[in-house]
Amino acid sequence: MSRSTVESEPGSEPQPPAGDDHAFFGQPRGLLTLSGLEVWERFSFLGMQAILVLYFADTIAHGGMGMSPGTAASVSAAYGTLVYLVSVAGGWLADRMLGSYRAVLWGGILIACGHYSMAVPTATMTWVGLGLISAGTGLLKPNVATMVGKLYRTEDERRDAGFALYYMSINIGAFAGPLVTAWLGDHRGWHWGFSAAAVGMTFGLIQYVAGRRHLAGRKHAAEFALAPETMRRTVLLIVLGVLAAAVLAALLTVAGYLTMDRFVDLLTLISVIAPAVYFAVMFRSPRVTDPERGHLRPYIVLFLASTVFNFILFQAYSTMMLLAASNAESRILGYDFPAGWYASALGAFEVALAPVVAALWVRMGRNQPHASNKIAIGVVLGGLSFLLIVLPTSGHSSDDYLMSAWWIVGSYLLLGLGDILLETSGMSATTKLAPVAFSSQTMSLWFLSLALANGIQAQTVKLYDDVSKPAYFGVNGAIAVAAGLAVMALAPWLRRTMHPVH
C-alpha cells in the first residue's frame, strides 16, 4: 500500500490524487515527477562533470585551466566533496525550515544559476558557478530521495523496485548529459558544454513544478519546523555566517594562506569529521528511540560500504576519464568520439540494467537478497571494475600506448551494475532505517558517505601522476573487493540488527 492511498486528515498536507497509486509502471505517479526532475538534474550535473576534469587539465590556450592531471582530478574530487558536504545543511533546512518540496525547488534554481554562471568563459565565473551548484545540489539531492521514500509505506514491497526505477530514470540523464556536453566541449568549447547543462536543469525545474500535485510530503512548512522566533534568529545567523565565511576566505586567499591545495585538504578533513559528529548527534538525541538507535548501528556498516564503492565510482569522472583521454582509443565500430562520451557508457548500462534488476526483485519478493548483501555485491563489482583496468595498462615500457575502447566500456559495465545494486538498496534502506525526527537529515548522512569518498579520492588521486597505472588501479580495486567481502561476512549480524528491514 502506498502513502498516496492514505486519506487526508483535515488540516494535513495535501495528498496525491487517489488514482496515482499504480499509475507509473505499477508505482505511484509521483515517482514519475521526481524521476523526471532527476533526469534533468543528472543531465546537467554529470554532463558537466564528464568534461570538468578535462577542462581543468586542458591548456589555457585551448580554453582550459592548465592543471596537471593529478591536480585536475584532485580539484574535481574536492568539488564533489563540497557538493555532498552541503547536503547536510540541505537536509536540516528541509526538516526545520523549508520543507522537502521547497528545498528541492530552491536547490534546482541554484543549480541552474550555477550552470549559467559556468557558461561565462572566465575562471572567476567557473568558481562562482561551482559554488552555486554545490549549494543547490546540497538542497536538492537528499530531499528528492526522501520524497521518493514518502511515496511508500515501510512495509511496501514495491519500495526497492520503485527506487530501482527511479535510479534507471535518472541514469537516462546520466547517459544523455555527457553525449551533449562532451560533443559541445570538444567541437565548440568547454563553456558551450556548460551552457547545455544549464538548459537541462531549467527543463527539470519546469516539469517538477508542473507535476507537484502528484507528490506526497509537499507541505508548505517544514515537518519539524522551528518556532517563529527561533526561525528568525536562525535565518539571521545563517546569513551572517555565510557572509563572514566568504569574507574570511577572500582575505586568506589574498594573503596567500588559503591555497588550492590547502582548501582541498580542509575539505577532506571536514568530510572525515562531519559523519562522525553526525552519527554521534543522532545516537545521543533524546528524539531518537531505542529501536531507532539500534537500526543506526548496522547503518554505519552500510555507510562505510557506500564510501568504499563511491570512492571507485567517482573516479569514473576523474582518473578513468583522464586515462580514456590519454591512453584509450577514441574510435569504436568505426566512429570517432570525444573522451567524455565514455561517461555515457556508465549511464547507458544503468538505464539498461536497472529495469532488469527491478523486475528481478519484484519476482523474488520476500526471497530477494537482504539489502546488506546487495550492497556488498555492489562494492565487489566496483573493485573488479578497477582490477579489470590492470590488464590493458600492464606491460608497457612507456605511457604512449593506446588500449582498446572496450576495456573502458567493460569496466563501466561492472561499475554500472554495482552502482544499481548499492545505491538503490542503500537509499531504500536509509529511508527505512531513518529515525523519524531526522528523516531528511539521515538521507543527508547517506550523501555524507559520498562526501567522504570524494574527500579520500581528493588525496589519493594526487598519486595518479606518480605511480604506475597498474599499481594505482590494482591497489584501489583490491581494497574495494576486500571491503565487499567483509560486508558479506557480517551479513548474519546485519540481518538481525536491521530487522524488520529486509
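Above: the structure in question.
Residues numbered from 1 in each chain as written. Predicted model: local features only at pLDDT ≥ 70, side-chain atom pairs only at ≥ 80, totals over all residues. Heavy atoms only, no water.

1. Some remarks on the overall build of the protein chain
Link 1 in the chain: When its secondary structure is counted, the protein chain shows 16 helices and two strands.
Link 2 in the chain: Within the protein chain, residue pairs in contact and separated by at least 24 positions form 83% of the contacts whose partners lie at least 6 positions apart.
Link 3 in the chain: For the protein chain, the accessible surface area stands at approximately 20,000 Å², while carbon and sulfur atoms represent 69% of it. (Helix = DSSP H or I, 4+ residues; strand = E, 2+ residues; numbered from the N terminus. Contact = heavy atoms within 4.5 Å. Areas by Shrake-Rupley, 256 points an atom, 1.4 Å probe, with all protein chains shown as cover.)

2. Some thoughts on the pattern of salt bridges
Pairs may arise between side chains of opposite charge once their charged atoms sit close together.
Link 1 in the chain: Under the definition given, this model contains five salt bridges.
Link 2 in the chain: In this structure, Lys462 engages Asp265 in a salt bridge whose closest nitrogen and oxygen atoms are separated by 3.2 Å. With Lys462 in the loop between helix H14 (439–460) and helix H15 (469–489) and Asp265 in helix H8 (residues 260–284), this residue pair connects regions lying 197 residues apart in the sequence.
Link 3 in the chain: Among the residues examined, Lys462 registers a relative accessible area of 28% and is labelled partly exposed. (Salt bridge = Lys/Arg side-chain N within 4 Å of Asp/Glu carboxyl O. Buried < 20%, exposed > 50% of the residue type's maximum accessible area, 1.4 Å probe, protein only.)

3. Concerning the environment of Gln49
Link 1 in the chain: Here Gln49 is to be found in helix H1 (residues 30–57).
Link 2 in the chain: It is 8.7 Å that separates the C-alpha atoms of Gln49 and Ser318, two residues lying 269 residues apart in sequence.

4. So, the side chain of Ser449
Link 1 in the chain: The residue Ser449 is located in helix H14 in this model.
Link 2 in the chain: Overall, Ser449 belongs to the buried group, its relative accessible area being 0%.
Link 3 in the chain: Among the polar contacts made by the side chain of Ser449, one reaches the side chain of Ser306 at a distance of 2.7 Å.
Link 4 in the chain: Discounting residues that sit within four places of it in the chain, Ser449 has contacts with Phe303, Ser306 and Thr307. (Polar contact = N/O pair within 3.5 Å; in protein donor to acceptor, adjacent residues only side chain to side chain.)

5. Quick word on the side chain of Thr137
Link 1 in the chain: Mapped onto the fold, Thr137 is located in helix H4 (residues 123–149).
Link 2 in the chain: The class of Thr137 is buried, set by a relative accessible area of 2%.
Link 3 in the chain: A polar side-chain atom of Thr137 sits 2.8 Å from the main-chain carbonyl oxygen of Ile133.

6. Quick word on the packing of helix H3 (residues 100–118) against helix H6 (residues 190–210)
Helices that pack against each other are described as a pair by the angle of their axes relative to one another and the distance between those axes.
Link 1 in the chain: Where H3 contacts H6, the axes come no closer than 7 Å and their chain directions differ by 160°. Between H3 and H6, the crossing angle belongs to the class labelled roughly antiparallel. For H3 against H6, the interelement crossing comes out left-handed. Contacts from Ser100, Tyr101, Val104, Leu105, Gly108, Ile109, Ile111, Ala112, His115, Tyr116 and Met118 in H3 reach His191, Phe194, Ala197, Ala198, Val199, Met201, Thr202, Leu205, Tyr208 and Val209 in H6. (Axes fitted to C-alpha atoms, helices over the stretch in contact; angles between N-to-C directions. Parallel < 35°, antiparallel > 145°, perpendicular 65-115°, else oblique. Left-handed = near helix turned anticlockwise from the far one by under 90°.)

7. Quick look at helix H12 (residues 371–393)
Link 1 in the chain: Under the 1.5 Å per step criterion, the end-to-end length of H12 is 35 Å for 23 residues, consistent within 8% with the ideal 33 Å.
Link 2 in the chain: Burial analysis of H12 places 18 of its 23 residues in the buried class, which makes it a mostly covered element.
Link 3 in the chain: Among the residues trailing H12, Gly395 stands out with phi positive, at a value near 80°. (Expected span 1.5 Å × (residues − 1).)

8. Some points on H6
For an α-helix the count is 3.6 residues per turn, leaving residues at separations of three or four pointing the same way.
Link 1 in the chain: In a regular helix each residue adds 1.5 Å, so 21 residues correspond to 30 Å; H6 covers 32 Å between its end C-alpha atoms and thus fits that length.
Link 2 in the chain: Among the residues of H6, Trp190, His191, Gly193, Phe194, Ala196, Ala197, Ala198, Gly200, Met201, Gly204, Leu205 and Tyr208 are the ones counted as buried.

9. Looking at the environment of Ala328
Link 1 in the chain: The topology assignment puts Ala328 in the loop between helix H10 (319–327) and strand E1 (331–332).
Link 2 in the chain: When the C-alpha positions of Ala328 and Ser404 are compared, they lie 6.0 Å apart, and in sequence the two are 76 residues distant.
Link 3 in the chain: Excluding anything up to four places from it in sequence, Ala328 contacts Leu323, Tyr342, Leu402, Met403 and Ile408.

10. Details of a nonpolar patch on the surface
Link 1 in the chain: Taken together, the side chains of Trp127, Met260, Phe263, Leu266, Leu269, Ile270, Val272, Ile273, Val277 and Val281 define a hydrophobic patch exposed on the protein surface, amounting to about 810 Å² of accessible area.
Link 2 in the chain: Broken down by element, the residue count for the nonpolar patch peaks at nine residues, all from H8.
Link 3 in the chain: Topologically, Val272 is positioned in helix H8. (Patch = residues over 30% accessible without salt bridge, like charges linked within 9 Å, V, L, I, M, F, W, Y side chains within 5 Å.)

11. What about the packing of aromatic side chains?
Link 1 in the chain: A complete count under the given rule lists 15 aromatic pairs for this structure.
Link 2 in the chain: Note on Tyr464 and Phe473: the rings are 6.4 Å apart at their centroids and 85° apart in plane angle, and the pair reads as edge-to-face.
Link 3 in the chain: On the basis of relative accessible area, Tyr464 is assigned to the buried category, the value being 8%.
Link 4 in the chain: Note on Phe473: relative accessible area 0%, which makes it buried.
Link 5 in the chain: Stacked on the ring of Trp192, the Lys or Arg Arg188 has its end atom at 4.3 Å from the ring centre. (Phe/Tyr/Trp six-rings, centres within 6.5 Å; stacked < 30°, edge-to-face > 60°. Lys NZ or Arg CZ within 6 Å of the ring centre and 35° of its normal.)

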